[in-house]
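# Topology and contacts: notes
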Amino acid sequence: MDFTLQHAVELDATDPLRALRECFAVPRWAGEGSAIYLCGHSLGLMPLAAREQVNQVLDDWAQMAVRGHEHGRRPWITYHDALAAPCAELLGCQADEVAIMNSLSVNLQLMLASFYRPAGRRRGVLIEAGAFPSDRYAVSTHLQWHGLEPRDTLIELEPRTGEDCVQEADIEALLERRGEEVALVLWPGVQYLTGQAFDLARIARAAHRAGALVGFDLAHSVGNMPFPLRDLEADFAVWCSYKYLNAGPGATAGCFVHRRHFSTSRPRLAGWWGHELASRFDMPHAFRAAHGAAGFQLSNQSVLAAAPLIASFDLFQRAGVPRLREKSLALGAFFAQLIDARIPEARIITPREPAARGAQLSLRIGANPQRARRVFQWLGEHGVLCDWREPDIIRVAPAPLYNGFADVFRFVERLEQAMRAT
Ligand SMILES: *Cc1c(COP(=O)(O)O)cnc(C)c1O
(Lines give C-alpha, C1' and ligand atoms only; values in the text may rest on other atoms or scores of the structure.)
Protein backbone atom coordinates (compact mmCIF):
# COMPACT_ATOMS: atom_id res chain seq x y z
CA MET A 1 0.00 0.00 0.00
CA ASP A 2 1.20 3.44 -0.92
CA PHE A 3 0.21 5.79 1.90
CA THR A 4 0.75 9.16 0.25
CA LEU A 5 -1.56 11.97 -0.78
CA GLN A 6 -0.09 11.59 -4.26
CA HIS A 7 -1.39 8.01 -4.41
CA ALA A 8 -4.85 9.08 -3.21
CA VAL A 9 -4.96 11.82 -5.85
CA GLU A 10 -4.02 9.25 -8.52
CA LEU A 11 -6.81 6.94 -7.37
CA ASP A 12 -9.25 9.84 -7.70
CA ALA A 13 -7.95 10.65 -11.18
CA THR A 14 -8.86 7.16 -12.43
CA ASP A 15 -12.22 7.04 -10.64
CA PRO A 16 -14.95 6.74 -13.29
CA LEU A 17 -17.37 8.59 -10.95
CA ARG A 18 -15.09 11.55 -10.24
CA ALA A 19 -17.11 14.01 -12.34
CA LEU A 20 -20.14 13.60 -10.07
CA ARG A 21 -18.51 15.57 -7.27
CA GLU A 22 -19.00 18.67 -9.40
CA CYS A 23 -22.75 18.06 -9.25
CA PHE A 24 -22.81 18.85 -5.51
CA ALA A 25 -22.36 21.93 -3.36
CA VAL A 26 -19.45 21.28 -1.00
CA PRO A 27 -19.40 23.59 2.05
CA ARG A 28 -16.53 26.07 2.26
CA TRP A 29 -14.13 26.06 5.12
CA ALA A 30 -13.50 29.57 6.50
CA GLY A 31 -12.87 30.88 3.01
CA GLU A 32 -9.89 28.59 2.36
CA GLY A 33 -11.24 25.90 0.08
CA SER A 34 -13.65 23.11 0.82
CA ALA A 35 -14.29 21.45 4.13
CA ILE A 36 -13.57 17.73 4.35
CA TYR A 37 -17.16 16.54 4.31
CA LEU A 38 -17.64 12.98 5.54
CA CYS A 39 -21.11 13.32 7.03
CA GLY A 40 -23.31 11.88 4.28
CA HIS A 41 -24.70 9.36 6.78
CA SER A 42 -26.32 12.32 8.56
CA LEU A 43 -27.09 14.88 5.85
CA GLY A 44 -26.05 14.35 2.25
CA LEU A 45 -24.70 17.27 0.24
CA MET A 46 -26.98 19.33 -1.93
CA PRO A 47 -27.14 18.27 -5.59
CA LEU A 48 -26.83 21.55 -7.51
CA ALA A 49 -29.77 20.48 -9.68
CA ALA A 50 -32.03 20.39 -6.60
CA ARG A 51 -32.37 24.17 -6.79
CA GLU A 52 -33.80 23.95 -10.28
CA GLN A 53 -36.36 21.32 -9.21
CA VAL A 54 -37.49 23.42 -6.24
CA ASN A 55 -37.56 26.57 -8.37
CA GLN A 56 -39.72 24.81 -10.92
CA VAL A 57 -42.31 24.14 -8.24
CA LEU A 58 -42.09 27.71 -6.95
CA ASP A 59 -42.46 29.09 -10.48
CA ASP A 60 -45.49 26.91 -11.17
CA TRP A 61 -47.00 27.98 -7.87
CA ALA A 62 -46.31 31.64 -8.67
CA GLN A 63 -47.65 31.49 -12.21
CA MET A 64 -50.51 29.00 -11.94
CA ALA A 65 -51.40 28.76 -8.26
CA VAL A 66 -54.11 26.13 -7.88
CA ARG A 67 -53.92 25.16 -11.54
CA GLY A 68 -50.45 23.69 -10.78
CA HIS A 69 -52.19 20.61 -9.39
CA GLU A 70 -53.19 19.64 -12.90
CA HIS A 71 -51.11 21.83 -15.18
CA GLY A 72 -47.74 22.19 -13.48
CA ARG A 73 -44.73 21.04 -15.50
CA ARG A 74 -44.94 18.02 -13.23
CA PRO A 75 -48.56 18.20 -12.09
CA TRP A 76 -48.74 18.05 -8.30
CA ILE A 77 -51.61 15.55 -8.23
CA THR A 78 -49.45 12.90 -9.87
CA TYR A 79 -46.08 14.21 -8.66
CA HIS A 80 -45.73 11.01 -6.70
CA ASP A 81 -45.45 8.93 -9.86
CA ALA A 82 -42.33 10.78 -10.96
CA LEU A 83 -40.71 9.82 -7.64
CA ALA A 84 -41.85 6.25 -7.01
CA ALA A 85 -40.48 4.83 -10.28
CA PRO A 86 -36.84 5.96 -9.96
CA CYS A 87 -36.91 5.20 -6.25
CA ALA A 88 -38.11 1.66 -6.93
CA GLU A 89 -35.37 1.25 -9.51
CA LEU A 90 -32.77 2.27 -6.94
CA LEU A 91 -34.22 -0.10 -4.34
CA GLY A 92 -34.81 -3.02 -6.66
CA CYS A 93 -38.55 -3.38 -6.25
CA GLN A 94 -41.61 -2.40 -8.26
CA ALA A 95 -42.88 1.15 -8.45
CA ASP A 96 -46.28 0.23 -7.00
CA GLU A 97 -44.54 -1.13 -3.87
CA VAL A 98 -43.13 2.34 -3.04
CA ALA A 99 -44.84 5.38 -1.55
CA ILE A 100 -42.91 8.63 -1.20
CA MET A 101 -44.53 10.38 1.73
CA ASN A 102 -44.19 11.97 5.17
CA SER A 103 -41.01 11.49 7.16
CA LEU A 104 -39.40 8.34 8.43
CA SER A 105 -40.77 8.20 11.98
CA VAL A 106 -44.26 9.02 10.75
CA ASN A 107 -44.07 6.25 8.18
CA LEU A 108 -42.82 3.86 10.82
CA GLN A 109 -45.84 4.60 13.03
CA LEU A 110 -48.17 4.15 10.04
CA MET A 111 -46.55 0.85 9.08
CA LEU A 112 -46.78 -0.34 12.68
CA ALA A 113 -50.49 0.49 12.59
CA SER A 114 -50.87 -1.75 9.55
CA PHE A 115 -48.44 -4.54 10.31
CA TYR A 116 -48.28 -4.88 14.08
CA ARG A 117 -51.37 -6.96 14.85
CA PRO A 118 -50.94 -8.52 18.29
CA ALA A 119 -52.99 -11.67 18.82
CA GLY A 120 -53.01 -14.13 21.71
CA ARG A 121 -49.50 -14.83 22.94
CA ARG A 122 -47.98 -13.30 19.82
CA ARG A 123 -47.60 -9.70 20.93
CA GLY A 124 -43.86 -8.98 21.00
CA VAL A 125 -41.83 -6.66 18.81
CA LEU A 126 -38.18 -7.63 18.43
CA ILE A 127 -35.73 -4.73 18.04
CA GLU A 128 -32.02 -4.33 18.67
CA ALA A 129 -31.06 -3.04 22.12
CA GLY A 130 -29.04 -0.29 20.40
CA ALA A 131 -31.92 0.82 18.16
CA PHE A 132 -32.04 4.44 16.97
CA PRO A 133 -34.05 6.34 19.60
CA SER A 134 -36.87 7.35 17.27
CA ASP A 135 -37.49 3.71 16.35
CA ARG A 136 -37.50 2.68 19.99
CA TYR A 137 -39.88 5.52 20.92
CA ALA A 138 -42.14 4.64 17.98
CA VAL A 139 -42.36 0.97 18.92
CA SER A 140 -42.70 1.41 22.66
CA THR A 141 -45.37 4.12 22.41
CA HIS A 142 -47.14 2.04 19.79
CA LEU A 143 -47.24 -0.88 22.20
CA GLN A 144 -48.63 1.42 24.91
CA TRP A 145 -51.21 2.76 22.49
CA HIS A 146 -52.40 -0.85 22.15
CA GLY A 147 -52.68 -0.97 25.96
CA LEU A 148 -49.59 -3.18 26.23
CA GLU A 149 -46.59 -2.82 28.51
CA PRO A 150 -43.30 -2.40 26.62
CA ARG A 151 -41.74 -4.16 29.62
CA ASP A 152 -43.52 -7.35 28.52
CA THR A 153 -43.71 -6.87 24.77
CA LEU A 154 -40.59 -4.99 23.64
CA ILE A 155 -37.98 -7.69 23.08
CA GLU A 156 -34.47 -6.32 22.75
CA LEU A 157 -31.43 -8.15 21.48
CA GLU A 158 -27.97 -7.04 22.62
CA PRO A 159 -24.61 -7.82 21.06
CA ARG A 160 -22.63 -10.57 22.82
CA THR A 161 -20.63 -9.41 25.81
CA GLY A 162 -17.56 -7.50 24.68
CA GLU A 163 -18.81 -7.14 21.11
CA ASP A 164 -20.11 -4.01 19.36
CA CYS A 165 -22.18 -5.68 16.66
CA VAL A 166 -25.12 -8.09 16.74
CA GLN A 167 -24.63 -11.41 14.98
CA GLU A 168 -27.41 -12.59 12.68
CA ALA A 169 -27.08 -16.06 14.27
CA ASP A 170 -28.22 -14.55 17.58
CA ILE A 171 -31.33 -13.09 15.96
CA GLU A 172 -32.10 -16.53 14.53
CA ALA A 173 -31.50 -18.21 17.88
CA LEU A 174 -33.77 -15.76 19.71
CA LEU A 175 -36.53 -16.27 17.16
CA GLU A 176 -36.21 -20.02 17.47
CA ARG A 177 -36.43 -19.79 21.24
CA ARG A 178 -39.16 -17.17 21.60
CA GLY A 179 -40.65 -16.96 18.12
CA GLU A 180 -44.20 -17.67 19.28
CA GLU A 181 -44.20 -14.44 21.29
CA VAL A 182 -43.04 -12.30 18.37
CA ALA A 183 -45.56 -10.52 16.15
CA LEU A 184 -43.06 -8.26 14.38
CA VAL A 185 -39.33 -7.94 13.88
CA LEU A 186 -38.11 -4.38 13.22
CA TRP A 187 -34.48 -4.26 12.15
CA PRO A 188 -32.14 -1.67 10.56
CA GLY A 189 -30.42 -2.34 7.26
CA VAL A 190 -27.30 -0.54 8.43
CA GLN A 191 -26.88 0.19 12.14
CA TYR A 192 -26.66 3.95 12.67
CA LEU A 193 -23.95 3.83 15.35
CA THR A 194 -21.67 0.97 14.34
CA GLY A 195 -22.21 1.10 10.58
CA GLN A 196 -22.82 -2.66 10.57
CA ALA A 197 -24.81 -3.84 7.54
CA PHE A 198 -27.06 -6.82 8.20
CA ASP A 199 -27.97 -9.78 6.04
CA LEU A 200 -31.59 -8.72 5.76
CA ALA A 201 -32.76 -11.68 3.67
CA ARG A 202 -31.51 -13.97 6.43
CA ILE A 203 -33.31 -11.95 9.12
CA ALA A 204 -36.53 -11.93 7.09
CA ARG A 205 -36.36 -15.73 6.65
CA ALA A 206 -35.87 -16.21 10.40
CA ALA A 207 -38.77 -13.88 11.22
CA HIS A 208 -41.12 -15.59 8.78
CA ARG A 209 -40.06 -19.06 9.98
CA ALA A 210 -41.10 -17.94 13.46
CA GLY A 211 -44.48 -16.79 12.12
CA ALA A 212 -43.70 -13.08 12.59
CA LEU A 213 -43.81 -10.23 10.09
CA VAL A 214 -40.67 -8.21 9.43
CA GLY A 215 -40.09 -4.52 8.73
CA PHE A 216 -36.78 -2.87 7.91
CA ASP A 217 -35.58 0.62 8.74
CA LEU A 218 -33.43 1.49 5.75
CA ALA A 219 -32.48 5.04 6.85
CA HIS A 220 -28.76 4.24 6.57
CA SER A 221 -29.10 1.78 3.70
CA VAL A 222 -30.93 3.57 0.91
CA GLY A 223 -28.40 5.13 -1.45
CA ASN A 224 -25.64 3.41 0.53
CA MET A 225 -26.00 -0.34 0.13
CA PRO A 226 -27.12 -2.20 -2.97
CA PHE A 227 -30.40 -4.01 -2.63
CA PRO A 228 -32.67 -5.73 -4.37
CA LEU A 229 -35.44 -5.12 -1.92
CA ARG A 230 -37.59 -7.62 -3.84
CA ASP A 231 -35.26 -10.43 -2.76
CA LEU A 232 -35.38 -9.57 0.93
CA GLU A 233 -39.02 -10.57 1.38
CA ALA A 234 -39.61 -7.74 3.86
CA ASP A 235 -43.24 -7.10 4.70
CA PHE A 236 -42.56 -3.38 4.85
CA ALA A 237 -39.64 -0.97 4.92
CA VAL A 238 -39.20 2.71 5.72
CA TRP A 239 -36.43 5.22 5.06
CA CYS A 240 -35.59 8.90 5.01
CA SER A 241 -34.24 10.85 2.07
CA TYR A 242 -31.76 13.30 3.56
CA LYS A 243 -28.89 10.93 4.37
CA TYR A 244 -27.33 9.08 1.43
CA LEU A 245 -30.16 10.19 -0.87
CA ASN A 246 -29.10 13.85 -0.58
CA ALA A 247 -32.61 15.28 -0.82
CA GLY A 248 -32.14 17.91 1.91
CA PRO A 249 -33.16 18.44 5.52
CA GLY A 250 -36.58 16.99 6.26
CA ALA A 251 -37.03 15.83 2.66
CA THR A 252 -40.00 13.61 1.96
CA ALA A 253 -39.31 10.06 3.08
CA GLY A 254 -40.55 6.75 1.72
CA CYS A 255 -41.93 3.37 2.50
CA PHE A 256 -42.19 -0.02 0.85
CA VAL A 257 -45.11 -2.39 1.15
CA HIS A 258 -44.63 -5.90 -0.21
CA ARG A 259 -47.18 -6.79 -2.86
CA ARG A 260 -48.51 -9.71 -0.86
CA HIS A 261 -50.01 -7.01 1.40
CA PHE A 262 -51.74 -5.08 -1.37
CA SER A 263 -55.15 -6.39 -0.37
CA THR A 264 -57.24 -3.33 0.34
CA SER A 265 -58.48 -5.01 3.50
CA ARG A 266 -55.07 -4.52 5.18
CA PRO A 267 -55.85 -2.24 8.15
CA ARG A 268 -54.45 1.23 7.82
CA LEU A 269 -54.70 4.78 9.08
CA ALA A 270 -55.99 6.45 5.96
CA GLY A 271 -56.30 9.89 4.44
CA TRP A 272 -57.77 11.11 1.19
CA TRP A 273 -54.53 10.82 -0.80
CA GLY A 274 -54.59 7.06 -0.28
CA HIS A 275 -58.02 6.86 -1.89
CA GLU A 276 -57.98 5.67 -5.52
CA LEU A 277 -57.33 8.60 -7.83
CA ALA A 278 -60.25 7.92 -10.19
CA SER A 279 -62.85 8.87 -7.58
CA ARG A 280 -60.76 10.83 -5.05
CA PHE A 281 -62.13 14.21 -6.05
CA ASP A 282 -65.73 12.99 -6.10
CA MET A 283 -65.34 13.20 -2.33
CA PRO A 284 -67.04 9.87 -1.58
CA HIS A 285 -67.78 8.88 2.02
CA ALA A 286 -66.36 5.39 1.76
CA PHE A 287 -62.56 5.01 1.60
CA ARG A 288 -61.38 2.90 -1.30
CA ALA A 289 -57.65 2.30 -1.12
CA ALA A 290 -55.57 3.06 -4.18
CA HIS A 291 -53.60 0.15 -5.60
CA GLY A 292 -50.39 -0.80 -3.81
CA ALA A 293 -48.22 1.27 -1.51
CA ALA A 294 -49.85 4.47 -2.82
CA GLY A 295 -52.95 3.39 -0.90
CA PHE A 296 -51.07 4.03 2.34
CA GLN A 297 -50.65 7.76 1.62
CA LEU A 298 -52.59 10.19 3.78
CA SER A 299 -51.99 13.72 2.62
CA ASN A 300 -51.37 15.44 -0.65
CA GLN A 301 -47.72 15.37 -1.65
CA SER A 302 -45.30 17.81 0.07
CA VAL A 303 -44.12 18.82 -3.35
CA LEU A 304 -41.50 21.34 -2.19
CA ALA A 305 -39.94 18.80 0.16
CA ALA A 306 -40.00 16.09 -2.50
CA ALA A 307 -38.67 18.07 -5.48
CA PRO A 308 -34.94 17.60 -4.65
CA LEU A 309 -35.45 13.84 -4.87
CA ILE A 310 -35.80 14.14 -8.63
CA ALA A 311 -32.30 15.63 -8.84
CA SER A 312 -31.01 12.98 -6.47
CA PHE A 313 -32.42 9.95 -8.29
CA ASP A 314 -31.06 11.33 -11.52
CA LEU A 315 -27.52 11.28 -10.09
CA PHE A 316 -27.92 7.71 -8.84
CA GLN A 317 -29.09 6.67 -12.28
CA ARG A 318 -26.07 8.29 -13.89
CA ALA A 319 -23.66 6.70 -11.44
CA GLY A 320 -25.22 3.21 -11.36
CA VAL A 321 -25.51 1.31 -8.09
CA PRO A 322 -22.86 -1.37 -8.84
CA ARG A 323 -20.22 1.27 -9.65
CA LEU A 324 -21.11 3.26 -6.53
CA ARG A 325 -20.82 0.17 -4.38
CA GLU A 326 -17.49 -0.77 -5.90
CA LYS A 327 -16.12 2.69 -5.17
CA SER A 328 -17.64 2.73 -1.69
CA LEU A 329 -15.93 -0.54 -0.77
CA ALA A 330 -12.62 0.69 -2.16
CA LEU A 331 -12.88 3.96 -0.19
CA GLY A 332 -13.67 2.04 2.99
CA ALA A 333 -10.79 -0.41 2.51
CA PHE A 334 -8.39 2.49 1.86
CA PHE A 335 -9.68 4.21 4.98
CA ALA A 336 -9.25 1.13 7.17
CA GLN A 337 -5.72 0.47 5.88
CA LEU A 338 -4.69 4.07 6.53
CA ILE A 339 -6.12 4.04 10.05
CA ASP A 340 -4.41 0.74 10.85
CA ALA A 341 -1.10 1.96 9.50
CA ARG A 342 -1.05 5.48 10.91
CA ILE A 343 -3.29 5.60 13.98
CA PRO A 344 -3.06 2.33 15.88
CA GLU A 345 -4.86 3.90 18.86
CA ALA A 346 -8.02 4.24 16.79
CA ARG A 347 -10.23 1.20 16.50
CA ILE A 348 -12.78 0.73 13.74
CA ILE A 349 -15.83 -0.95 15.27
CA THR A 350 -17.58 -1.40 11.91
CA PRO A 351 -17.13 -4.92 10.56
CA ARG A 352 -14.38 -5.18 7.96
CA GLU A 353 -16.08 -7.70 5.68
CA PRO A 354 -17.49 -5.92 2.62
CA ALA A 355 -20.92 -7.54 2.98
CA ALA A 356 -21.23 -6.23 6.54
CA ARG A 357 -20.57 -2.55 5.93
CA GLY A 358 -21.67 0.37 3.81
CA ALA A 359 -19.91 3.71 3.44
CA GLN A 360 -19.76 4.53 7.14
CA LEU A 361 -16.89 3.56 9.39
CA SER A 362 -17.24 4.19 13.12
CA LEU A 363 -14.12 4.88 15.14
CA ARG A 364 -13.24 4.64 18.78
CA ILE A 365 -10.24 6.82 19.57
CA GLY A 366 -8.34 5.29 22.47
CA ALA A 367 -9.70 4.46 25.89
CA ASN A 368 -10.48 7.94 27.19
CA PRO A 369 -13.88 9.34 26.07
CA GLN A 370 -13.02 12.91 27.23
CA ARG A 371 -9.95 12.91 25.06
CA ALA A 372 -11.89 11.39 22.16
CA ARG A 373 -14.34 14.26 22.43
CA ARG A 374 -11.51 16.79 22.34
CA VAL A 375 -10.12 15.08 19.25
CA PHE A 376 -13.53 15.38 17.61
CA GLN A 377 -13.77 19.06 18.57
CA TRP A 378 -10.31 19.71 17.16
CA LEU A 379 -11.38 18.13 13.87
CA GLY A 380 -14.43 20.40 13.73
CA GLU A 381 -12.22 23.44 14.30
CA HIS A 382 -9.93 22.35 11.47
CA GLY A 383 -12.33 21.95 8.58
CA VAL A 384 -13.48 18.35 9.07
CA LEU A 385 -17.18 17.57 9.12
CA CYS A 386 -17.93 14.15 10.55
CA ASP A 387 -20.00 13.44 13.67
CA TRP A 388 -19.89 12.32 17.26
CA ARG A 389 -22.11 9.89 19.10
CA GLU A 390 -21.95 9.28 22.84
CA PRO A 391 -20.09 7.89 24.59
CA ASP A 392 -16.98 7.86 22.38
CA ILE A 393 -17.77 7.19 18.73
CA ILE A 394 -16.76 9.25 15.71
CA ARG A 395 -18.79 8.38 12.62
CA VAL A 396 -17.19 8.99 9.24
CA ALA A 397 -18.77 8.22 5.88
CA PRO A 398 -16.99 8.64 2.56
CA ALA A 399 -20.03 8.85 0.26
CA PRO A 400 -19.05 7.52 -3.16
CA LEU A 401 -21.19 10.02 -5.08
CA TYR A 402 -19.10 12.98 -3.97
CA ASN A 403 -16.19 11.85 -1.78
CA GLY A 404 -12.87 10.59 -3.04
CA PHE A 405 -9.66 8.97 -1.85
CA ALA A 406 -8.02 12.34 -1.21
CA ASP A 407 -10.87 13.22 1.20
CA VAL A 408 -10.16 10.03 3.11
CA PHE A 409 -6.42 10.67 3.09
CA ARG A 410 -6.85 14.25 4.33
CA PHE A 411 -9.22 13.08 7.05
CA VAL A 412 -6.74 10.54 8.39
CA GLU A 413 -3.98 13.12 8.26
CA ARG A 414 -6.12 15.60 10.23
CA LEU A 415 -7.03 12.90 12.71
CA GLU A 416 -3.37 12.15 13.25
CA GLN A 417 -2.73 15.88 13.85
CA ALA A 418 -5.74 16.03 16.20
CA MET A 419 -4.37 13.12 18.22
CA ARG A 420 -1.04 14.89 18.57
CA ALA A 421 -2.66 18.21 19.49
CA THR A 422 -4.94 16.94 22.26
C1 LIG B 1 -32.08 9.12 10.64
C2 LIG B 1 -32.94 8.10 11.31
C3 LIG B 1 -34.23 8.43 11.75
C4 LIG B 1 -34.74 9.84 11.64
O5 LIG B 1 -36.11 9.93 11.73
P6 LIG B 1 -36.91 11.17 11.08
O7 LIG B 1 -38.31 10.78 11.25
O8 LIG B 1 -36.45 11.30 9.67
O9 LIG B 1 -36.54 12.40 11.86
C10 LIG B 1 -34.99 7.43 12.33
N11 LIG B 1 -34.51 6.17 12.45
C12 LIG B 1 -33.27 5.82 12.04
C13 LIG B 1 -32.77 4.43 12.21
C14 LIG B 1 -32.45 6.79 11.47
O15 LIG B 1 -31.22 6.47 11.08
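In what follows, the accompanying structure is described. (Residues numbered from 1 in each chain as written. Predicted model: local features only at pLDDT ≥ 70, side-chain atom pairs only at ≥ 80, totals over all residues. Heavy atoms only, no water.)

### Looking at the overall build of the protein chain
To keep it simple, the criterion reads: Strands here mean DSSP runs of E at least two residues long; helices mean DSSP runs of H or I at least four residues long; both are numbered from the N terminus. As defined in this context, the radius of gyration uses C-alpha atoms, and a globule is described by 2.2 Å times the residue total to the power 0.38. Exposure categories follow from relative accessible area, calculated using a 1.4 Å probe and restricted to protein chains: below 20% of the type maximum is buried, above 50% is exposed, and the middle band is partly exposed. Whether two residues are in contact is decided by their heavy atoms: any pair within 4.5 Å suffices. Using a 1.4 Å probe, accessible areas were evaluated by the Shrake-Rupley method; residue-level cover was limited to the displayed protein chains.
In terms of regular secondary structure, the protein chain is built from 15 helices and 15 strands. Its C-alpha atoms give the protein chain a radius of gyration of 22 Å, within 12% of the compact-globule value 22 Å for 422 residues. Seen through its principal axes, the protein chain has C-alpha atoms that stretch 70 × 60 × 35 Å. Within the span of the protein chain, comprising 422 residues, buried residues form 56% of the whole. Restricting the contact set of the protein chain to residue pairs at least 6 apart, pairs at least 24 apart contribute 70%. About 18,100 Å² of surface is accessible on the protein chain, with carbon and sulfur atoms providing 52% of the total.

### Section: the sheet that holds strand β9 (residues 236-239)
Convention followed: Paired strands are those between which DSSP finds at least two bridges. To obtain each axis, a line is fitted to C-alpha atoms, and for helices this fit is confined to the stretch in contact; angles are then taken between N-to-C directions over 0 to 180 degrees.
Taken together, the seven strands give an open sheet; going across it, the order is β4-β10-β9-β8-β7-β5-β6, and neighbouring strands pair in mixed fashion. The open sheet has two edge strands, β4 (98-100) and β6 (154-157), and neither has a second partner. Taking the axes of each pair of neighbouring strands and ignoring which way they run, one obtains an average angle of 20° across the sheet. Packed on one face of the sheet, helix α8 (residues 168-178) meets β5 (124-128), β6 and β7 (182-188) and runs near 145° to β6.

### What to know about the nonpolar core
What counts, and what does not: In plain words, nonpolar cores are sets of buried Ala, Val, Leu, Ile, Met, Phe, Trp, Tyr and Cys residues tied together by side-chain atoms within 4.5 Å.
In this structure, Leu126, Val185, Trp187, Phe216 and Trp239 are the most contacted members of the largest nonpolar core, which totals 65 residues. When residues in this core are grouped by element, the largest group, nine residues, is from helix α12 (residues 303-319). The contact partners of Leu126, leaving out residues within four places of it in the chain, are Ile155, Leu157, Ile171, Leu174, Leu175, Val182, Leu184, Val185, Leu186 and Trp187. Core analysis: the second largest hydrophobic core is formed by 33 residues, Ala8, Cys386, Phe409 and Ala418 among them.

### Focus: the site of the ligand
Our working definition: One heavy atom suffices: a residue is near a molecule or strand as soon as one of its heavy atoms comes within 4 Å of it. Side-chain atoms alone can form a polar contact between residues adjacent in sequence; in general such a contact is a pair of N or O atoms within 3.5 Å, and within protein one must be able to donate a hydrogen while the other accepts it. Only Asp, Glu, Lys and Arg are considered charged in this grouping, and only Ala, Val, Leu, Ile, Met, Phe, Trp, Tyr, Cys and Pro are considered nonpolar; every other residue, Gly among them, is considered polar.
Surrounding the ligand, one finds Leu104, Ser105, Phe132, Asp135, Asp217, Ala219, His220, Tyr242 and Lys243. Separating an oxygen atom of the ligand from a side-chain N or O atom of Ser105 is a distance of 2.7 Å. Residue Tyr242 places a side-chain N or O atom 2.6 Å away from an oxygen atom belonging to the ligand. Look at the ligand: alone it shows 380 Å² of surface, and the protein chains cover 82% of it. Residue composition of the shell around the ligand, grouped by class: four nonpolar, two polar and three charged.

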